[in-house]
Amino acid sequence: MIASDKEITEITLNVCQTMLGLELKRDDALPMETEKPWYSSSVCISGDAKFTIEVVACQDAADFIARAMFGIEESTPSLEETSDALGEIANMIGGNYKGILGGESQLSIPCFETKDSGLNFDFADHETVNFMLETGYLVVSCRAN
Amino acid sequence: MKVLHVDDSKAMRMIVQSTIKKAGFDGLQFVQANNGVEALEVMESEKPDVVFSDWNMPEMNGIELLRKIREDGNPITFGFITSEKSPETRQEALDAGATFVISKPFTPESFRLTLTPVLS
């Protein structure tokens, strides 16, 4: 069964608050279009259960997460650092959801990609939860494969 | 004490090592590897006292690394710091010879409780 809204919310808030001290708020509005790119990191659960967990963030939110993770105060994180940080968020959310599922399954290594827009994602057939960070949107979704 | 920290994420290596310091474990010397294959090379050159490893990594993952180390007859203390938190994964780790499994997200307190008997 696809992760519920409640499961995604609880796991995401726990991961971001416990590990990074980030305060996220649920925001049920659709992510706003921005001129800057969006970043996505996804992990796949395979085996008894087959799901993809995807974490999508606008550039400002992704940079904010990378700054928190790397302890960067002044400079802009590199794309490599942003990829690493977003990948770890996806990895932790995926790993925690896999723990809820139980059974024999494996978690993939995070896959990172850059997207042009926060509005072009096909969220149909996903359970998707939008969060607002201090600097922009973070969207976490789960879909069955 | 020399600790080999194996994780393909530089960000997570920084967070883990920072959290270990916050947990009160001073004086540890960290050496690092990005995956299991690199870890085997670093173990040969650096002779660490303990290994902290992620589970999911490219090239050679954490459980494959632990099994290789044990196959080679090395009894070094080995623990996982991983987002994998199912009971099945924990049991697989312990069966393969892991001393502990710390799940992400973690806190300084969870490190203190788990690592005190390991590092003292």
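This one's a predicted model, so the numbers in the text were calculated from it and none came from an experiment.

1. With respect to the overall build of chain B
- Of the regular secondary structure elements, chain B holds five helices and five strands.
- In terms of C-alpha radius of gyration, chain B reaches 13 Å, essentially the compact-globule figure of 14 Å for 120 residues.
- When its C-alpha atoms are laid out on the principal axes, chain B stretches across 35 × 35 × 25 Å.
- For chain B, the proportion of its 120 residues judged to be buried stands at 43%.
- The contacts in chain B between residues at least 6 apart in sequence include a share of 61% that link residues at least 24 apart.

2. Digging into the pairing of strand β1 (residues 2-6) of chain B
All names here are of chain B.
- Most of β1 is tucked away: four of the five residues are buried.
- Of the strand pairs in this sheet, β1 and strand β2 (residues 29-33) are connected by five bridges, and their pairing is parallel. Bridging across to β2, V6 finds its partner in A33.
- One crossover worth recording links β1 to the parallel β2 by way of helix α1 (residues 10-22), and it is right-handed.
- Relative to strand β3 (residues 50-53), β1 runs parallel, the two being bridged by four bridges. If you follow L4 over to β3, its bridge partner there is V51.

3. Observations concerning the interface of chain B and chain A
- Counting residues at the interface gives 17 residues for chain B, matched by 22 residues for chain A.
- Across the side of chain B that touches chain A, the residue classes break down as six nonpolar, six polar and five charged.

4. Remarks on helix α2 (residues 59-70) of chain A
- For α2 of chain A, which comprises twelve residues, the first-to-last C-alpha distance of 16 Å matches the rise-based estimate of 16 Å (1.5 Å per residue) to within 8%.
- Positive backbone phi, approximately 70°, marks G71 of chain A, located one or two places after α2 of chain A.

5. Some words on helix α1 (residues 5-20) of chain A
- Under the 1.5 Å per step criterion, the end-to-end length of α1 of chain A is 22 Å for 16 residues, consistent within 8% with the ideal 22 Å.
- Along α1 of chain A, the residues that are buried comprise I8, I11, T12, V15, C16, M19 and L20 of chain A. The buried residues of α1 of chain A occupy one face: seen down the axis, they fall within an arc of 115°.
- Where α1 of chain A is buried, its residues meet α2, α3 (79-101), β6 (127-132) and β7 (137-144) of chain A together with α1 of chain B.
- After α1 of chain A finishes, the residue G21 of chain A shows a positive phi value of roughly 70°.

6. A look at the nonpolar core
Residue and element names in this part refer to chain A.
- Core analysis: the biggest nonpolar cluster contains 69 residues, and A57, I65, I93 and L138 have the highest contact counts within it.
- For this core, the element with the most residues is α3, which contributes seven residues.
- Setting aside chain neighbours within four positions, we find L138 in contact with L24, V55, A57, A61, F131 and L133.

7. A closer look at the sheet that holds β3 of chain B
All names here are of chain B.
- Read across the sheet, five strands follow the order β2-β1-β3-β4-β5 without closing on themselves; strand pairing throughout is parallel. Each of the sheet's edge strands pairs with one partner strand only, and the pair in question is β2 and β5 (100-103). Averaged over all pairs of adjacent strands, the angle between their axes in this sheet comes to 20°, without regard to strand direction.
- Of the strands in this sheet, β1, β2, β3 and β4 (77-82) touch α1, which is tilted by about 145° from β1.

8. Structural notes on unusual backbone geometry
All names here are of chain B.
- Omega for the bond connecting K104 with P105 falls within 30 degrees of zero, at 0°, which places this linkage in the cis form.
- Position of P105 among the secondary structure elements: in the loop between β5 and α5 (108-119).
- One non-glycine residue, K47, lies in positive phi territory at about 50°.
- With respect to the helices and strands, K47 occurs in the loop between α2 (36-46) and β3.
- Even without being a glycine, E59 presents a positive backbone phi close to 70°.
- Take E59: there are 13 C-beta atoms within 10 Å of it, and that puts it in the partly exposed class.

Calculation criteria
- Residues numbered from 1 in each chain as written.
- Chains lettered and ligands numbered in written order.
- Predicted model: local features only at pLDDT ≥ 70, side-chain atom pairs only at ≥ 80, totals over all residues.
- Helix = DSSP H or I, 4+ residues; strand = E, 2+ residues; numbered from the N terminus.
- Rg over C-alpha atoms; globule rule 2.2 N^0.38 Å.
- Buried ≥ 20, exposed ≤ 12 C-beta atoms within 10 Å, placed from the backbone.
- Contact = placed C-beta atoms within 7 Å.
- Pairing = 2+ DSSP bridges.
- Right-handed = clockwise from strand over helix to strand, strands pointing away.
- Nonpolar A, V, L, I, M, F, W, Y, C, P; charged D, E, K, R; others polar.
- Expected span 1.5 Å × (residues − 1).
- Arc of directions from axis to C-beta.
- Core = buried A, V, L, I, M, F, W, Y, C linked by C-beta atoms within 7 Å.
- Axes fitted to C-alpha atoms, helices over the stretch in contact; angles between N-to-C directions.

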